[in-house]
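Structural characterization, general
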Amino acid sequence: MDASRPKRYFALHYILLRFLGLGWWHHPDENDMRNFHGWYLYYSLITELIWVGIFVAFESIDPFIGEKNLDRFMFNLAFVVTHDLTIIKLYIFFFKNADIQTIVRTLEIDMQEYYQSNEKIRRTIKITKILTGSFLFFGWIIIGNTSVYGIIQDIRWKKEISRMNNSITKPCRVLPQPVYIPWNYHTEEMFILTFIFESLGLLWTGHIVMTIDTFIGSVILHMSCQFSILQEAFLTAYDRVISKLYKEIQGNEINTNIDPEGDICYDESAKKLSVIKNYRSDKEIEEALLIELKSCFKQHQTLIRCVEKFSLTYSYGFVTQLLSSMAAICGVMVQVSVDASSFKSIRLVTSLAFFAAMIIQLAIQCFTGNELTYQASLVADAVMQCKWERMPPRLRLLVMITLLRAQKPLNLTAAGFTNMDNNCFVSIIKAAYSYYAVISNQQV
């Protein structure tokens, strides 16, 4: 195994997952799959109980027993749907983590037994970091602006209260994000504690959503990268075998520049082959080609099994993503249209950032799923161009079988309902806009 090869493809995600209490995810090269060992189990239980259990429960109750306001209801509903349906993703990460770790191990460790391209892997790692950073950036804008808005509203509330006498009923103190609070938080001390509780809750649940989604998108991108590498493996298989045999005989004192009379050299490989045939039998050349092609065939089958396992493991996670995105995008579009009346409104910035984050959240999984399907389909083209016409008949039959398998579409599906691709993304956006149009007409 190449010591200089890229390692630990998901290092950033593993740090976030550990901190958020979603498991002490070990890197595949550590050969350790214990995710909730020792004290970390209690840390996970406490953090998930407080920030996912209690906070999301309060957040979910508010739209139905809190202030009945369409503006407040729709904006809060977008958060509620996103956070509530994320519980299904949490279930997958808690109880299917062994399967996910097996998939990651296949990509990081097992694939190193076959032809690899370190340059393409490093480029993919860089893309996943940019993807994760951009999503986190919009998340921080949402949470930061929400907190700033809450502080400004509280300052206004204090000014308004200072002008009132004791005989006038005082308005309720406003929190940054509509969340049902069962205790009295209007005093200064309790308001600060409640403000901190809400801010940490938004940070925790928001980072859980962002980390899970970007991690899944990164896994899909690395599977796409491996199919791209497989294409290169097929395209160069014949030339690599010929070059290897040629180098082996170069060590002997032979004239490698000979060109047998009547032999037409179409390219460098054909010229090398004409030399090799003087020192290797057709059987030896065929066996060398067979070994390399078998490696490519096994690489293809390993990748197919990896994608099928991933699709089965995370299929309900994709369903969750589609449902939450449709509802959240619709809700935040209503909020943006309401806030657009004042371009100086901090809430408008928050709403636009949340809208961008919801679009990115959906796009991550649809676009990466489409890229995976596309790269898998290109394997058939690579097999067609692998110089099979120069191979013995026995090897051509094996290439033909691989070609037939590569032509079968390889898709990630949302529990079989739809494929995760660009068409799915467009359909969800259209559906969300249709619901938004209906709600807007009702408002009018």
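These numbers come from a predicted model, not from an experiment.

Counting secondary structure elements, the chain contains eleven helices and zero strands. Listed by position from the N terminus, the elements making up the chain come as α-α-α-α-α-α-α-α-α-α-α. Counting only residues that meet the buried cut, the chain has 52% of its 444 residues in that class. When contacts within the chain are restricted to residue pairs at least 6 apart in sequence, those whose partners lie at least 24 apart make up 79%. Looking at the chain as shown, the accessible area adds up to about 21600 Å², and 61% of this sits on carbon and sulfur atoms.

A few words now on the nonpolar core. With 119 residues, the main nonpolar core has Phe93, Phe215, Ile216, Met223, Phe227, Phe310 and Phe318 as its most contacted residues. The element contributing the most residues to this core is helix H6 (residues 188-250), with 27 residues. Dropping the residues within four chain positions of it, Phe318 is found in contact with Ile216, Ile220, Phe310, Gln365, Leu412, Thr413, Ala414 and Met420.

To continue, consider the pattern of salt bridges. Overall, the coordinates contain 15 salt bridges when judged by the stated rule. Asp213 is the partner of Lys89 in a salt bridge, and the nearest nitrogen-oxygen pair spans 2.6 Å. Taken together, the residues span a long stretch of sequence, with Lys89 in helix H3 (residues 70-95) and Asp213 in helix H6 at a distance of 124 residues. Assigned by exposure class, Lys89 and Asp213 land together as buried. The closest approach of N and O atoms between Lys283 and Glu287, which form a salt bridge, is 3.9 Å. Here Lys283 pairs with Glu287, and both are found in helix H8 (residues 282-339), just four residues apart, close to one helical turn. In this structure Glu287 comes out as partly exposed when scored by relative accessible area, which is 31%.

If you trace the backbone, Ile364 turns up in helix H9 (residues 346-384). Judged by its relative accessible area of 3%, Ile364 falls in the buried class. For the pair formed by Ile364 and Ser218, sequence separation is 146 residues and the distance between their alpha carbons is 8.8 Å. Sequence-distant contacts of Ile364, defined by excluding residues within four places in its chain, comprise Leu131, Phe135, Asp213, Thr214 and Gly217.

Those residues of helix H1 (residues 11-19) lying buried are His13, Tyr14, Leu16, Leu17 and Arg18. Positive backbone phi, at 80°, marks Gly21, one or two positions downstream of H1.

All right, on to the packing of helix H5 (residues 118-162) against H6 then. Close contact between H5 and H6 brings their axes to 9 Å; oriented N to C, the two are set at 165°. Between H5 and H6, the angle is such that the two are roughly antiparallel. The handedness of the crossing between H5 and H6 comes out as right-handed.

So, on to unusual backbone geometry. Positive phi outside glycine occurs at Asn31, with the angle close to 55°. Residue placement: Asn31 occurs in the loop between H1 and helix H2 (39-65). Positive phi, normally seen in glycine, also occurs at Lys387, with a value near 60°. Mapped onto the fold, Lys387 is located in the loop between H9 and helix H10 (393-406). Here Lys387 falls in the buried class, since its relative accessible area comes to 18%.

Now for the environment of Ile329. Relative to the elements of secondary structure, Ile329 occurs in helix H8. With a relative accessible area of 1%, Ile329 lands in the buried category. Residues Ile329 and Thr82, 247 residues apart in the sequence, show an inter-C-alpha distance of 9.9 Å. Setting aside its immediate chain neighbours within four residues, Ile329 contacts Phe355, Met358, Ile359, Leu362, Ile429 and Ala432.

Its location among the elements puts Thr128 in helix H5. Residue contacts for Thr128: discarding those within four places in its chain leaves Ser218, Leu221 and His222.

The subject of this paragraph is the packing of aromatic side chains. Under the counting rule described, the total for this entry stands at 30 aromatic pairs. Ring centres 5.3 Å apart and planes at 40° place the aromatic pair Phe19 and Trp204 in the tilted group. In this pair, Phe19 sits in helix H1 while Trp204 sits in helix H6, placing the two residues 185 residues apart along the sequence. Seen from their ring centres, Phe310 and Tyr314 are 6.1 Å apart, and the 15° between their planes marks the pair as stacked. Residue Phe310 and its partner Tyr314 are both found in helix H8; the two are separated by four residues, about one turn of the helix. Residue class for Tyr314 comes out buried when judged on its relative accessible area of 1%. Here a set of aromatic residues connected by ring pairs shows up, and it is made of Phe19, Trp51, Phe55, Phe58, Tyr180, Trp183, Phe197 and Trp204.

Turning our eyes to something else, we now look at the state of the cysteines. Under the criterion given, the structure shown has zero disulfides. Here Cys424 stays free of any disulfide, with the sulfur of Cys366 as its closest cysteine sulfur at 4.2 Å.

A few words on helix H4 (residues 97-108). Spacing of three or four residues puts side chains on the same side of an α-helix, whose turn is 3.6 residues. End to end, H4 covers 16 Å across twelve residues, agreeing with the expected 16 Å (1.5 Å per residue, within 8%). Considered for burial, the residues of H4 that qualify are Asn97, Ile100, Gln101, Ile103, Val104, Thr106, Leu107 and Glu108.

Parts of the prediction with low pLDDT should not have their coordinates interpreted in detail. With 89% of its residues at a pLDDT of at least 70, the chain reaches an overall mean of 84. Averaged pLDDT values for the elements of the chain fall to 76 in H3 and rise to 92 in H4. In this model, residues 258-265 is a region of pLDDT below 50 whose contacts with residues beyond four sequence positions or in other chains number twelve contacts.

Procedures and definitions
Residues numbered from 1 in each chain as written. Predicted model: local features only at pLDDT ≥ 70, side-chain atom pairs only at ≥ 80, totals over all residues. Heavy atoms only, no water. Helix = DSSP H or I, 4+ residues; strand = E, 2+ residues; numbered from the N terminus. Buried < 20%, exposed > 50% of the residue type's maximum accessible area, 1.4 Å probe, protein only. Contact = heavy atoms within 4.5 Å. Areas by Shrake-Rupley, 256 points an atom, 1.4 Å probe, with all protein chains shown as cover. Core = buried A, V, L, I, M, F, W, Y, C linked by side-chain atoms within 4.5 Å. Salt bridge = Lys/Arg side-chain N within 4 Å of Asp/Glu carboxyl O. Axes fitted to C-alpha atoms, helices over the stretch in contact; angles between N-to-C directions. Parallel < 35°, antiparallel > 145°, perpendicular 65-115°, else oblique. Left-handed = near helix turned anticlockwise from the far one by under 90°. Phe/Tyr/Trp six-rings, centres within 6.5 Å; stacked < 30°, edge-to-face > 60°. Disulfide = S-S within 2.5 Å. Expected span 1.5 Å × (residues − 1). pLDDT = per-residue confidence, 0-100.

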